[in-house]
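Okay, here's what each chain looks like letter by letter:
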Amino acid sequence: MKNIYAVDDSASIRLYMDKSLSKMGYRVELAEDGDAALEGLKEHSGTIDVFVIDVVMRRMDGITLIKHIRKIDRFKNTPVIVLTNLDDQSMIETAKAAGANCWISKPFEAEKVAEVIESLVQ
């Protein structure tokens, strides 16, 4: 069972990811923004196979969160999928430079996220 750590400030997106990905056999952990994610990661002792992170969030944006995650030794190589409703090439490049592995635009289908997860974690 692959462990997914999803971070999005939209409660409806978190609920959708949790229900959809859980039904597909993933274990899903959720955080409501970058600050909550970092707090959760401090106490997290298990494995995270993939992060799924929204770019635009209150308190701490996804790009900043990715930079923090990449500084944590045990997560520096963990794949990161970025979700956003922004379709801006410079934002995509900024996310990749911060350490994101790929980009999925909102609205999205959970099946697409699962497909990308499987391509990143063999």
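Residues numbered from 1 in each chain as written. Predicted model: local features only at pLDDT ≥ 70, side-chain atom pairs only at ≥ 80, totals over all residues. Heavy atoms only, no water.

Colleague: Could you give me a rundown of the environment of S119, with the residues and numbers involved?
Modeller: Mapped onto the elements, S119 comes out in helix α5 (residues 110–120). Overall, S119 belongs to the partly exposed group, its relative accessible area being 47%. Along the chain, S119 and K96 lie 23 residues apart, while their C-alpha atoms are 17 Å from each other. Here the side chain of S119 touches V116 through a polar contact of 2.7 Å, landing on its backbone oxygen. (Helix = DSSP H or I, 4+ residues; strand = E, 2+ residues; numbered from the N terminus. Buried < 20%, exposed > 50% of the residue type's maximum accessible area, 1.4 Å probe, protein only. Polar contact = N/O pair within 3.5 Å; in protein donor to acceptor, adjacent residues only side chain to side chain.)

Colleague: Tell me about the pairing of strand β5 (residues 102–105), and name the residues and values.
Modeller: Sheet analysis places strand β4 (residues 80–84) next to β5, joined by 4 bridges and oriented parallel. In the sheet register, V82 faces β5, and the bridge partner there is W103. Viewed along the sheet, the connection from β4 through helix α4 (residues 89–98) into β5 turns out right-handed. (Pairing = 2+ DSSP bridges. Right-handed = clockwise from strand over helix to strand, strands pointing away.)

Colleague: Help me get a handle on the packing of aromatic side chains, residues and values and all.
Modeller: Applying the stated criterion across every chain yields a total of 3 aromatic pairs. Here the aromatic rings of Y5 and F51 are separated by 5.7 Å at their centres, their planes lie at 65 degrees, and the arrangement is edge-to-face. Of this pair, Y5 sits in strand β1 (residues 3–7) while F51 sits in strand β3 (residues 50–54), and the two are 46 residues apart along the sequence. Taking relative accessible area as the criterion, Y5 reaches 4% and is therefore assigned buried. (Phe/Tyr/Trp six-rings, centres within 6.5 Å; stacked < 30°, edge-to-face > 60°.)

Colleague: Please set out the side chain of S20 residue by residue, giving values where relevant.
Modeller: Among the secondary structure elements, S20 is positioned in helix α1 (residues 11–23). By relative accessible area, which is 16% here, S20 ends up buried. A polar contact is formed between the side chain of S20 and the backbone oxygen of Y16, at a distance of 2.8 Å.

Colleague: Which residues make up the packing of helix α3 (residues 62–70) against α4, and what values do they have?
Modeller: α4 packs onto α3 with a crossing angle of 15 degrees between their chain directions and a minimal axis gap of 8 Å. Taken together, the axes of α3 and α4 are roughly parallel relative to one another. With respect to the hand of their crossing, α3 and α4 are arranged in right-handed fashion. Seen from α3, the contacting residues are I63, I66, K67 and R70; seen from α4, they are M91, T94, A95 and A98. Residue composition of the contact of α3 with α4, grouped by class: 5 nonpolar, 1 polar and 2 charged. (Axes fitted to C-alpha atoms, helices over the stretch in contact; angles between N-to-C directions. Parallel < 35°, antiparallel > 145°, perpendicular 65-115°, else oblique. Left-handed = near helix turned anticlockwise from the far one by under 90°. Contact = heavy atoms within 4.5 Å. Nonpolar A, V, L, I, M, F, W, Y, C, P; charged D, E, K, R; others polar.)

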